[in-house]
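Structural description and commentary
Here are the chains, one letter per residue:
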Amino acid sequence: MKMPVPDSGVIARRREIVEALRAIVPGEGVIVDENELRAYECDGLTAYRQLPMVAVLPSTVEQVSQVLKTCKAMGVKVVPRGAGTSLSGGALPLADGVLLGMGKFKRILDIDYANRCVTVQPGVTNLGISNAVAHEGFYYAPDPSSQIACTIGGNIAENSGGVHCLKYGLTTNNVLGLEMVLMDGTILRLGGKHLDAGGYDLMGIVTGSEGLLGVVTEVTVRILKKPATARAVLLGFPTSEQGGDCVAAIIAAGIIPGGMEMMDRPAIHAAEAFVHAGYPLDVEALLIVELDGPAAEVDHLIDRVEAIARDKGACYARVSKSEEERLAFWAGRKAAFPAVGRISPDYYCMDGTIPRKALPLVLQRMQEMSDRCGLRVANVFHAGDGNLHPLILYDANKPGELEAAEEFGNNILRLCVEVGGVLTGEHGVGVEKRDLMTDQFDEADLQQQQRLKCAFDPDGLLNPGKVFPTLHRCAELGRLHVHQGELRFPDIPRF
Amino acid sequence: MTITTLKPETAAQVTDAVRWALSAGEPLEILGSGSRRGLGRPVQAGHALDLSGLSGVIAYEPEELVLTALAGTPMATIRVLLADRGQHLAFEPPEGGTLGGLVASGLAGPRRISVGSARDHTLGIAGVSGRAEAYKGGGKVVKNVTGYDVPKLMTGSFGTLTALTEITVKVLPAPEDSATLLLSGLDDAAAVAMLDRALRSPYEVSGAAHLPAGIAARSGVSAVSRAGGAVTLVRLEGFGPSVAARVTMLREELRADAVLGRDESLAVWREVRDGAGLGEGSDAHLWKLSVPPSAGPATVEAIRRTLDVEVFYDWGGGLVWLAAPPDSGAAIRGALTAGGHATLVRAPEPVRAATDVFQPLPEALMALSRRVKESFDPKGILNPGRMYAGL
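This one's a predicted model, so the numbers in the text were calculated from it and none came from an experiment.

This brings us to the sheet that holds strand S5 (residues 108-112) of chain A. All names here are of chain A. One open sheet accounts for 5 strands, arranged S5-S6-S10-S8-S9; its pairing is antiparallel. Edge positions in the sheet fall to S5 and strand S9 (187-191), since each has one partner strand and no second. If you compare each strand with its neighbour and ignore which way they point, the axes differ by 10° on average. The pairing of S5 with strand S6 (residues 117-120) spans 4 bridges and is antiparallel. Across the sheet, Asp112 pairs through a bridge with Cys117, a residue of S6. Each of S5, S6 and strand S10 (215-222) touches helix H5 (residues 126-133); the most contacted strand, S6, lies at about 130° to it.

Residue and element names in this part refer to chain A. Put simply, helix H10 (residues 265-275) and helix H13 (residues 336-343) touch, their axes get as near as 8 Å, and they point 90° apart. Our classification of the angle between H10 and H13 gives roughly perpendicular. Residues Ala267, Ala270, Ala271, Ala273, Phe274 and Val275 of H10 touch H13, and the partners they reach there are Ala336, Pro338, Ala339, Val340, Arg342 and Ile343. In the contact of H10 with H13, the residues fall into 11 nonpolar, no polar and 1 charged.

Membership of the largest hydrophobic core comes to 270 residues, with the highest contact counts inside it found for Val221(A), Leu287(A), Val289(A) and Ile392(A). Sort the elements by how many residues they give to this core and helix H1 (residues 11-24) of chain B lands first, with 7 residues. Each residue touching Ile392(A), except ones within four places of it in the same chain, is listed here: Tyr347(A), Tyr348(A), Met350(A), Leu375(A), Val377(A), Ala405(A), Phe408(A) and Gly409(A).

Residues and elements named next belong to chain A. Annotation of chain A at the domain level lists domain 1 (8-101), domain 2 (108-225), domain 3 (229-337) and domain 4 (344-428). The C-alpha-based centres of domain 2 and domain 3 are spaced at 30 Å. Domain 2 puts 5 residues into the contact, and the matching count from domain 3 is 7 residues. Classifying every residue of the side of domain 2 that touches domain 3 by side-chain character gives 2 nonpolar, 2 polar and 1 charged.

We now examine unusual backbone geometry. Even without being glycine, His276(A) reaches a positive phi, approximately 50°. Among the secondary structure elements, His276(A) is positioned in the loop between H10 and strand S14 (285-293). Of note in this structure, Ala276(B) is not a glycine but carries a positive phi near 50°. When you line up the elements, Ala276(B) lands in the loop between helix H10 (262-273) and strand S15 (285-290).

Attention shifts here to the environment of Arg342(A). Structurally, Arg342(A) is set in helix H13. Once residues lying within four places of it in the same chain are set aside, the contact partners of Arg342(A) are Ala270(A) and Phe274(A).

All names here are of chain A. With 9 of 9 residues buried, S14 is to be regarded as a mostly interior element. Along S14, one buried face is formed by Ala285, Leu287, Val289, Leu291 and Gly293 and the opposite face, lined by Leu286, Ile288, Glu290 and Asp292, is buried too. Looking at chain direction, strand S12 (residues 229-237) and S14 are connected through 9 bridges and run antiparallel. Counterpart to Ala232 in the pairing with S14 is Glu290. Alignment of strand S13 (residues 259-264) against S14, held across 6 bridges, turns out to be antiparallel. Across the sheet, residue Asp264 finds its bridge partner in S14, namely Ala285.

Residues and elements named next belong to chain A. Here we have 4 strands laid out as an open sheet, ordered S1-S2-S4-S3, and mixed in their pairing. In the strand order of this sheet, the two ends are held by strand S1 (30-31) and strand S3 (77-81), each with one partner. Sheet analysis places S1 next to strand S2 (residues 54-56), joined by 2 bridges and oriented antiparallel. Note that in S2 the partner of Ile31 across the bridge is Ala55.

In this section: the interface of chain A and chain B. With 85 residues of chain A in contact, the opposing surface of chain B contributes 86 residues. Those elements that provide at least two residues to the side of chain A that touches chain B are helix H8 (202-206), helix H9 (240-252), helix H11 (295-311), helix H16 (437-440) and helix H17 (443-456) of chain A. If one sorts the elements of the side of chain A that touches chain B by residue count, H17(A) sits on top with 8 residues. For the side of chain A that touches chain B, the class distribution of residues is 36 nonpolar, 33 polar and 16 charged.

Before going further, it helps to examine helix H2 (residues 75-84) of chain B. One turn of the α-helix equals 3.6 residues, which is why residues spaced by three or four share an orientation. Residues and elements named next belong to chain B. Restricting attention to buried positions, one finds in H2 the residues Met75, Ile78 and Leu82. For H2, the buried positions fall inside an angular range of 60° around the axis, keeping them on one side. Opposite the buried face of H2, at more than 90 degrees from it, the exposed residues are Val80, Ala83 and Asp84. On the buried face of H2, the contacting elements are strand S4 (57-61), strand S5 (66-70), strand S6 (87-88) and helix H3 (99-105). Of the residues trailing H2, Gly86 is marked for its positive phi of about 70°.

About the thresholds
Residues numbered from 1 in each chain as written. Chains lettered and ligands numbered in written order. Predicted model: local features only at pLDDT ≥ 70, side-chain atom pairs only at ≥ 80, totals over all residues. Pairing = 2+ DSSP bridges. Helix = DSSP H or I, 4+ residues; strand = E, 2+ residues; numbered from the N terminus. Axes fitted to C-alpha atoms, helices over the stretch in contact; angles between N-to-C directions. Contact = placed C-beta atoms within 7 Å. Parallel < 35°, antiparallel > 145°, perpendicular 65-115°, else oblique. Nonpolar A, V, L, I, M, F, W, Y, C, P; charged D, E, K, R; others polar. Core = buried A, V, L, I, M, F, W, Y, C linked by C-beta atoms within 7 Å. Buried ≥ 20, exposed ≤ 12 C-beta atoms within 10 Å, placed from the backbone. Domains from an automatic or database assignment. Arc of directions from axis to C-beta.

Listed below in structure tokens is the structure:
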């Protein structure tokens, strides 16, 4: 993975840049010591590491604005960072860049039950929001598995999902308002406590923009009342195809479960060995279907789901009889990543989405690839929305295995695109999938996205090297080639 | 000039038409069926690009929850197709028009409070920018974070960024049953407080509206028109047994006066979606105000200090439909002290040409919006002026 060549001119001006930052953020808010900078050298994609030139930890919006404005004036790149849990390298530092840590923005600013929303600073954790409103029976719906650590600011940047997003949506569907700072220091507010921000849906573009468009300094999210009941069914199938058919049949019956997760045999065995959830070990596919809502609805739907599963050939079915049992069903799934981590020195987690009907084909092709490269793969799958998480097992200490795992992963993602899906369902492009973007998008698609970036950050200073495989100057992107105005299709009907 | 309306039949012809417009420096008015021409400012263009020739559903896979269609496909066609498989566009858009027109105008109905708007259901787009370049954005699966979420930017952009040629939307199972709790005789503030109670309950309320007496009296649903005063409505939808159980519990909790069954429930929410006849038959201008729900009644009270208006509330108080005399924009917008925005949704064309139909944006946001517009349409040939003068 090649990052933009560090600008030695900028690195030579490090002292001057540090002084300028210290004038804005006093004391320990500017970090230059190599040992201290080590804490920021990577995010959740640990295979890539880079020390930033300097890190700055502002604590007010005005400081963020001044930092960005100053960096723009000095021509210095900036990499924003929340908790650093990105799995795609979205917060990977640059050798010639300032790392802008938002960890000091930890306050919950306003809890407003009458408007069913909460306003927080971006460094508040995802779970922190739910915890703050739990005593009133509310919660914040998107629940990425890193929710204990990941921050809402990072969730905005990555448009994070979670196991409940088929029914309750991704981050973008649950955000009402943002305050953000552009690279030139401009402070903007988008939306608020009302629905639909006026004008263009800039909040929609900023959410999921992976820190390339602006730095979020305040977030208003909607909160929901906790469902009265939740029960889960554990279903086992002799083939993954039957499991996939069952998922399709549940949705065709008009049922959108709160969660619907599938695991393949290697993932089932790894999880069971780790947490002893009571999973059946003689099945090829295990499905957890969780129904939530009023008790009358959950009871009704549990029966229907069981009937559908029997019809689709389930060889194992167990309905949770208690909250403890429901949580036990989930314990295995939620521990799937560390469980796989126990059976292999290293694993690499992928994140493509496919049309669900392509699942048997994709699993088969994945197995063929696995056989060819000699690396095992375990699959966990957000079955409801077609989001695959293949876990590739490898050993980084064996020469060439990391590269082989990455190549295997890239081929899986290319396969996702080939069958009509996408490169990433919830982890983001970052540096990890950057060079695969041309497999999903044409040059014209990518250039238009980069023009949009130019509207926010014309000098390309905010988080460069992420998302886009080729960097273009905005002047070059904006150039317009107007040809002679003949209609190539003289037969377009006109009136 | 001989060309007045270009009516391409393929996406390639759309590119060609825009290329001509770009080189000739001739702005285009982008049209689907033209059913929403009254929404927004009149476009300053001598030529029209009529996309109704790009019609047809390309793929519909109920189990995948996605539908892809050409932008000019009539919504009526899509509704029938979805209804056949027990599905719908969950955000309850108004009827009529084309899929492209719906996405471009970014509309949603009463269910906005529980499932979101057009923005939340538009997954992928293909179209032609004002640079005469065909491109695509988003994807054709329900979960996708690859690249910028360009489809969201298209919703509510009123054709000012791209002439859409193809759209992929998320479709969802339509509820099996619908019932509505009815409370009568509440004033605005008490009604919105009651809606708040309903929305804070765990019963998954999917509609929360309040019709003051004059509006309720005009309803075609007799239980509403004969209630003898203001009517507050709380909708519950879903599987039969679930709706029945929730109706029982919430009716008790809110002390509701009556319950509307499926047919009446469907009928009254169609009325709410379509404006409940507000201001019809008068020369009043129609506005929609999006405010924090709890601020709805106070906002209306402030407006009433200077204007004679008729209103009703949807979205739990967060959407105020308001019929006002001409030239009320400044007074209405001046009352939005709790935040939000006001859109003039019905007024004669000369009025819409001369006023701010959409809420004026703060200068920094307007400057960014201009740069966004330029990134798609540097010469301003796509629907110029439809949203804001000079954009």
